[in-house]
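# Topology and contacts: notes
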Amino acid sequence: MTLVAGVDSSTQATKIMVRRAEDGALVRQAQAPHPDGTEADPEVWWRALLTASKDGLLDGVSAVAVAAQQHGMVALDDDGRVVRPALLWNDTRSAPAAADLVTELGGPQEWARAIGSVPVASFTISKLRWLAEHEPHNAARVSSVLLPHDWLTWRMTGNSEPVTDRGDASGTGYYSPAGGNYRNDLLRMAFGRDLNLPRVAAPAERLPADPGNGLPPMDAVAVGTGDNMGAALGLAASPGDIVVSIGTSGTAFATAEAPTADPSGVVAGFADATGGYLPLVCTLNAARVLTAGATALGVDQDTFDGLALEAPAGAGGLTLLPYLDGERTPNLPNATGQLSGVTSENLTPGHLARAFVEGVLCGLADAIEALADEGVPVRRVLLIGGGARSAAVRSIAPQVFGRPVAVPEPSEYVADGAARQAAWALSGTAEPPGWAGLGEPGVYEADPVPAIRDQYAAARSAMVDQSR
Ligand SMILES: Nc1ncnc2c1ncn2[C@@H]1O[C@H](COP(=O)(O)OP(=O)(O)O)[C@@H](O)[C@H]1O
Ligand SMILES: O=C(CO)[C@@H](O)[C@H](O)COP(=O)(O)O
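Worth saying up front: this structure is predicted, and the values here are computed from it rather than measured.

Definitions and limits used
- Residues numbered from 1 in each chain as written.
- Chains lettered and ligands numbered in written order.
- Predicted model: local features only at pLDDT ≥ 70, side-chain atom pairs only at ≥ 80, totals over all residues.
- Near = placed C-beta within 6 Å.
- Helix = DSSP H or I, 4+ residues; strand = E, 2+ residues; numbered from the N terminus.
- Nonpolar A, V, L, I, M, F, W, Y, C, P; charged D, E, K, R; others polar.
- Axes fitted to C-alpha atoms, helices over the stretch in contact; angles between N-to-C directions.
- Parallel < 35°, antiparallel > 145°, perpendicular 65-115°, else oblique.
- Contact = placed C-beta atoms within 7 Å.
- Domains from an automatic or database assignment.
- Buried ≥ 20, exposed ≤ 12 C-beta atoms within 10 Å, placed from the backbone.
- Pairing = 2+ DSSP bridges.

## Examining the site of ligand 2
- Around ligand 2 sit 17 residues, and of these Ser10, Thr11, Gln70, Gly247 and Ser249 come closest.
- Of all the secondary structure elements, the ones that give two or more residues to the shell around ligand 2 are α9 (227–234) and β19 (277–283).
- Split by residue class, the shell around ligand 2 holds 3 nonpolar, 13 polar and 1 charged.

Written as structure tokens, this is what we have:
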């Protein structure tokens, strides 16, 4: 039996899945939390990885890969030391920098043409511009920039040549997924000079593991990828599958054979981890809105779900725009959450819980619609991430999405995808190993209730208009 491990270093935690390389059977798993915040010393990710893998979790593992939160700016000096804590995807201070970059290149359509995406605050390129403008002393010391998964992979390979993959590189803002090349001109435009960038390795490339990296000895480290690309690989998603992930971020994405280039900026034209593409829409407020709702009502998550399920669809006209931490889609980085339509009848714990769940799902319904508008086929919606564990989310999603929702057996699909990539790197085959697949996901069905989205759309349009 050959064992492989996949690491998901996401916003809130590091999760590790150890699977059998031959058929993907789960052998063991563990996780460790990350500190809260929108910037982080990369060391905390490494320490979380060591914590999760203590007690022999990785003993006997032949290969490992890391899939991590996308976009984070890990800026390094000449000696490979981090220059400042990494700015993460959900840090919105770089929003004005993103807006400036969009203007400087000649508008959103020029960015869509150049890299398939229009930069927002999340993108690495916007963070580099912010650094150049706001911390010139730090910017002057930067010699290279990595993404979170690049940095972790680099630690595992003993600080040899840094590498990345197409999937994660496509979220930087200075890599063209369609061309398969860096756009150093765009990086220079943002930062004022060139930087050393990690080599973009092939999807199944095998890297040497450093025997002194603090992990048990292994034969290989695979190249890794971004977390959403990892989930697509873990689910073995195929064209027609729309994956909706409710984690710290809310994402809706699909695998595609051709690149996309949406000039509205709503759909990011990312690459996937296999050589294809991954059109994706991302919201900034997802599972944490549900936990914030439960906390505000003073109940646990199960009670919160029960309350939401007792209230009527549409929450009696109560609508939450769930932009608690600003928002990325729609691009309202300075927004705050907004409750509207409050009446003496609907100001109850049940209606409030329902409005919180519907608010998150309406943003994701918009995301699915945006993918469809880009020509992405929508045959099946697969719901994953921590939020998919919520009974209320699973039941209300088909009403809001207007279609059945398939919920695969709970797993850490990002880490599973990384494990599958590790097995692929070991096998040397042309395609990833055809592991047993998802089995039969539970399917949730309900009559669509378009009024839920209508009242959300009215509130959202009013906020977007006000922000102009
Ligand atoms: N039953 C549940 N109901 C609602 N939210 C949940 C539930 N279980 C976990 N979560 C939330 O899911 C989030 C973690 O999801 P995950 O997909 O692992 O996120 P990430 O990959 O960003 O770390 C946490 O915010 C957690 O509170
Ligand atoms: O920025 C994006 C996608 O573009 C986010 O999806 C991050 O990749 C963080 O993911 P989670 O921690 O929520 O899984």
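## Looking at the packing of helix α11 (residues 301–310) against helix α13 (residues 391–401)
- Their axes nearest at 8 Å, the elements α11 and α13 cross at an angle of 30°. Relative to α13, the element α11 is oriented roughly parallel. Contacts from Asp305, Ala308 and Leu309 of α11 reach α13 at Ala391, Ala392 and Ser395.
- For the contact of α11 with α13, the class distribution of residues is 4 nonpolar, 1 polar and 1 charged.

## Comments concerning unusual backbone geometry
- The omega angle of the peptide bond from Thr329 to Pro330 is 0°, so this bond is cis rather than trans.
- Here Pro330 shows up in the loop between β20 (319–321) and β21 (338–340).
- Positive phi, close to 50°, is recorded for Ala236, a residue that is not glycine.
- Within the secondary structure, Ala236 is located in the loop between α9 and β16 (241–246).

## Observations concerning the packing of α9 against helix α14 (residues 413–427)
- Interhelical geometry of α9 versus α14 gives an angle of 75° and a closest axis separation of 6 Å. Relative to α14, the element α9 is oriented roughly perpendicular. Across from Asp227, Gly230, Ala231, Ala232, Leu233 and Gly234 in α9, the residues of α14 making contact are Tyr413, Val414, Asp416, Gly417, Ala418, Arg420 and Gln421.

## Regarding the site of ligand 1
- Near ligand 1 you find 16 residues, and of these Ser10, Gly247, Thr248, Gly386 and Ser390 are the closest.
- Examining the composition of the shell around ligand 1, we find that 4 residues originate from one element, helix α10 (residues 287–297), more than from any other.
- Residue contributions to the shell around ligand 1 reach at least three from each of two domains, namely domain 1 (3–234) and domain 2 (287–407 + 443–467).

## So, the pairing of strand β1 (residues 3–9)
- Most of β1 is tucked away: 7 of the 7 residues are buried.
- Pairing of β1 with strand β5 (residues 61–68), which is carried by 7 bridges, proceeds in the parallel orientation. Within the sheet, the bridge partner assigned to Asp8 lies in β5 and is Ala67.
- Relative to strand β2 (residues 13–20), β1 runs antiparallel, the two being bridged by 7 bridges. Across the sheet, residue Val7 finds its bridge partner in β2, namely Ile16.

## Examining the pairing of β19
- Burial analysis of β19 places 7 of its 7 residues in the buried class, the great majority of the element.
- Going residue by residue along β19, you find Tyr277, Pro279, Val281 and Thr283 tucked away on one face and Leu278, Leu280 and Cys282 tucked away on the opposite face as well.
- Pairing of strand β17 (residues 250–253) with β19, which is carried by 4 bridges, proceeds in the antiparallel orientation. Paired with Thr251 across the two strands is Cys282, which belongs to β19.
- The pairing of strand β18 (residues 268–271) with β19 spans 4 bridges and is classified as antiparallel. Bridging across to β19, Gly269 finds its partner in Pro279.
- Counted between consecutive antiparallel strands, the loop separating β18 from β19 contains 5 residues, among which Gly275 sits at a positive phi close to 115°.

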